[in-house]
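Here is how the chains run, residue by residue.
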Amino acid sequence: MSVEDFDVVVAGGGPSGSTIATLVAMQGHRVLLVEKEVFPRYQIGESLLPATVHGVCRMLGITDELANAGFPIKRGGTFRWGARPEPWTFHFGISARMSGATSHAYQVERARFDEILLNNAKSKGVVVREGCSATDVVEDGERVTGLKYTDADGNEREVSARFVIDASGNKSRLYSKVGGKRNYSEFFRSLALFGYFEGGKRLPAPVSGNILSVAFDSGWFWYIPLSDTLTSVGAVVRREDADKIQGDREKALNALIAECPLISEYLENATRVTTGKYGELRIRKDYSYQQESYWRPGMILVGDAACFVDPVFSSGVHLATYSALLAARSINSILAGDLDEKTALNEFEARYRREYGVFYEFLVSFYQMNVNEESYFWQAKKVTQNQSTDIESFVELIGGVSSGETALTAADRIAKRSAEFAAAVDEMASGDGDNMVPMFKSTVVKQAMQEAGQVQMKALLGEDAEPELPLFPGGLVTSPDGMKWLPYHPA
Ligand code: FAD
């Protein structure tokens with residue numbers, strides 16, 4: 001069997017896989033991604049966070065495509081949760097880290113969102129092979145040196161690579177090869193039963209695109225608007241009440257809806273979708289776990305292959321894309337010869353564990369139902385150790401920006417600087433007569449000026465941004481373009 005060679009091979013083309021593949025390929029490395037399904041394919045996890053949309057997706061270069069896709073705009077969340085009987089609403093925009101143009105996320109049909117990310121990977125130079133299932137890793141002593149997979153025609157294939165990335169989600173066949181075990185949470189042991197409805201009620205504008213989360217006796221419901229008429233509805237039921245979702249799924253879901261007056265009201269005039277990809281009522285369980293190790297020499301886990309907490313605050317795609325960004329920085333630094341593998345991947349793992357830990361710890365306290373929302377806000381401040389107010393700390397945590405990472409939060413300033421610079425160049429170029437500098441008549445020069453502006457913009461942003469400190473003592477900081485790690489040298 002002939003063995004192809006790549007710098008990086010990625011198993012799985014969900015958000016974590018396409019993100020890491022793209023960010024590594026953008027640095028000029030040779031990347032292969034194998035995906036078991038042929039896209040578009042169904043996936044759960046439809047409510048996104050601003051850090052994904054305005055941080056990672058901007059770095060991937062798909063901000064405009066997402067903005068034009070017509071996904072409902074999520075400005076925050078509306079919760080019937082805790083001791084207060086009435087629903088309460090939070091807005092991402094109250095945090096300075098997500099102000100202005102970055103104060104929202106989207107509710108997405110994952111088949112479409114994931115396809116946008118995967119097509120973008122292809123257009124950025126990733127070799128994508130769909131219908132190909134990763135079966136095992138190739139090892140040489142301590143090191144993973146390649147991947148085995150079955151191609152779309154059923155042939156066994158092997159590729160060698162400096163790094164094998166497992167991004168194949170919670171059903172991964174590879175994750176255990178990294179070492180250690182998958183530790184399932186003792187606390188988050190719920191089960192989810194979910195389906196789709198046409199014609200459900202909407203929250204009033206301007207929060208009609210918010211996620212609505214409603215606690216009831218057996219657990220809680222998510223209610224996510226995916227278009228003007230289509231709604232994703234799921235019941236998350238405590239392990240003790242698992243019998244409530246046994247047997248006939250239709251009857252079980254209807255009984256749970258009947259237990260929850262607010263969701264009953266929202267679905268009063270709705271009909272369940274019974275055909276196509278949304279026609280099935282699905283169940284998910286055992287989804288809350290964390291792998292003991294996230295990497296070993298030559299192999300890295302990202303996204304659900306590594307860990308997942310709980311659906312309540314839509315952290316899944318954030319953790320998937322953020323871990324992919326962190327790992328991509330490590331790989332880019334190693335392949336460029338800037339850092340050794342251990343230093344670079346310890347930084348990835350420490351930051352990833354920190355983000356997972358913040359969500360985990362906070363969500364444990366969020367399941368205390370006998371307190372009101374102020375108590376949750378206070379808890380968020382305690383967990384994140386932020387300087388912001390309680391409510392800002394809460395919104396920053398669940399917006400995915402509590403780490404204070406410039407790459408996740410400064411996107412609107414980048415966009416503004418970029419627009420200002422382009423306008424200045426245009427103005428110079430559009431001068432006429434004696435005022436016109438002849439050089440600016442040339443399109444090539446204009447483009448070169450605009451490119452130079454990108455570099456200048458990064459410098460400007462660096463000036464603007466808080467000076468970045470390592471997240472951990474002795475740790476690394478991010479490069480100005482967010483694509484690599486740099487050693488930290490205090491001024
Ligand atoms: P995935 O999205 O699972 O992608 C993995 C890919 O790998 C798939 O395309 C799969 O086909 C492919 N694959 C699998 N095996 C192989 C193989 N052997 N070879 C090649 N390819 C393979 N997250 C949110 O952000 N918001 C939410 O509202 C939300 N709600 C959720 C509700 C529930 C009930 C659950 C359980 C999760 C929810 N999540 C949510 C989490 C979200 O679904 C995941 O965190 C997210 O999809 C992880 O992305 P990923 O790329 O790591 O994995």
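Residues numbered from 1 in each chain as written. Predicted model: local features only at pLDDT ≥ 70, side-chain atom pairs only at ≥ 80, totals over all residues. Heavy atoms only, no water.

Peer 1: Explanation requested: the sheet that holds strand 21 (residues 307–308) in the structure shown.
Peer 2: Backbone hydrogen bonds hold the strands of a sheet together, and the pairing may be parallel or antiparallel. Strand order in the open sheet formed by 3 strands is 11-18-21, and the pairing between neighbours is antiparallel. Across the chains shown, the open sheet's two edge strands, defined by having one partner strand only, are strand 11 (182–184) and strand 21. Relative to strand 18 (residues 289–291), strand 11 runs antiparallel, the two sharing 3 bridges. By the bridge assignment for strand 18, Arg182 is matched with Gln291. Across the sheet, helix 8 (residues 341–366) lies against strand 18 and strand 21, angled at about 165° from strand 18, the strand it touches most. (Pairing = 2+ DSSP bridges. Helix = DSSP H or I, 4+ residues; strand = E, 2+ residues; numbered from the N terminus. Contact = heavy atoms within 4.5 Å. Axes fitted to C-alpha atoms, helices over the stretch in contact; angles between N-to-C directions.)

Peer 1: Looking at this structure, I do not really get helix 9 (residues 373–384). What am I missing?
Peer 2: Each full turn of the α-helix corresponds to 3.6 residues, which orients residues three or four apart in the same direction. With 12 residues, helix 9 should reach 16 Å at 1.5 Å per residue; the first-to-last C-alpha distance of 17 Å fits that figure. Among the residues of helix 9, those classed as buried are Glu373, Tyr376, Phe377, Gln379, Ala380, Val383 and Thr384. Angular distribution of buried residues about the axis of helix 9 spans 160°; they occupy a single face of the element. The inward-facing, buried residues of helix 9 contact strand 5 (88–91), helix 8 and helix 10 (390–399). (Expected span 1.5 Å × (residues − 1). Buried < 20%, exposed > 50% of the residue type's maximum accessible area, 1.4 Å probe, protein only. Arc of directions from axis to C-beta.)

Peer 1: In this structure, what is going on with the pattern of salt bridges? I would like to understand it.
Peer 2: Two side chains that carry opposite charge are able to pair once their charged atoms sit near each other. According to the stated counting rule, one finds 27 salt bridges in the structure shown. For Glu265, the salt bridge is made with Lys201, and the minimal N-O distance between the two is 2.4 Å. Taken together, the residues span a long stretch of sequence, with Glu265 in helix 6 (residues 261–266) and Lys201 in the loop between strand 12 (191–198) and strand 13 (211–216) at a distance of 64 residues. Note on Glu265: relative accessible area 35%, which makes it partly exposed. Across the salt bridge formed by Arg238 and Asp241, the nearest N and O atoms sit 3.7 Å from each other. With relative accessibility at 34%, the residue Arg238 sits in the partly exposed group. According to the relative accessible area criterion, Asp241 is buried, its value standing at 17%. The structure contains a network of salt bridges with shared partners spanning Arg329, Glu347, Arg351 and Glu405. (Salt bridge = Lys/Arg side-chain N within 4 Å of Asp/Glu carboxyl O.)

Peer 1: What's the story with the environment of Arg84 in this structure? I'm lost.
Peer 2: Residue placement: Arg84 occurs in the loop between strand 4 (76–80) and strand 5. In the structure, Arg84 is positioned 289 residues away from Glu373 in sequence and 7.7 Å away in space, judged by C-alpha atoms. Here Arg84 is in contact with Asn372, Glu373 and Glu374, once residues within four sequence places are set aside. Here Glu373 takes part through its side chain, which lies 2.7 Å from a polar atom of the side chain of Arg84. (Polar contact = N/O pair within 3.5 Å; in protein donor to acceptor, adjacent residues only side chain to side chain.)

Peer 1: In this structure, what is going on with the site of the ligand? I would like to understand it.
Peer 2: Close to the ligand lie 35 residues, the nearest being Glu35, Gln43, Ile44, Asp304 and Val317. Residue Ser314 places a main-chain N or O atom 3.3 Å away from an oxygen atom belonging to the ligand. When the ligand is considered free in solution it has 1,000 Å² of accessible area, and contact with the protein chains removes 96% of it. Tallying contributions element by element places helix 7 (residues 316–335) first for the shell around the ligand, with 3 residues. Shared between two domains, the shell around the ligand holds at least three residues of each, these being domain 1 (4–71 + 104–183 + 289–399) and domain 2 (191–285). (Near = heavy atom within 4 Å. Areas by Shrake-Rupley, 256 points an atom, 1.4 Å probe, with all protein chains shown as cover. Domains from an automatic or database assignment.)

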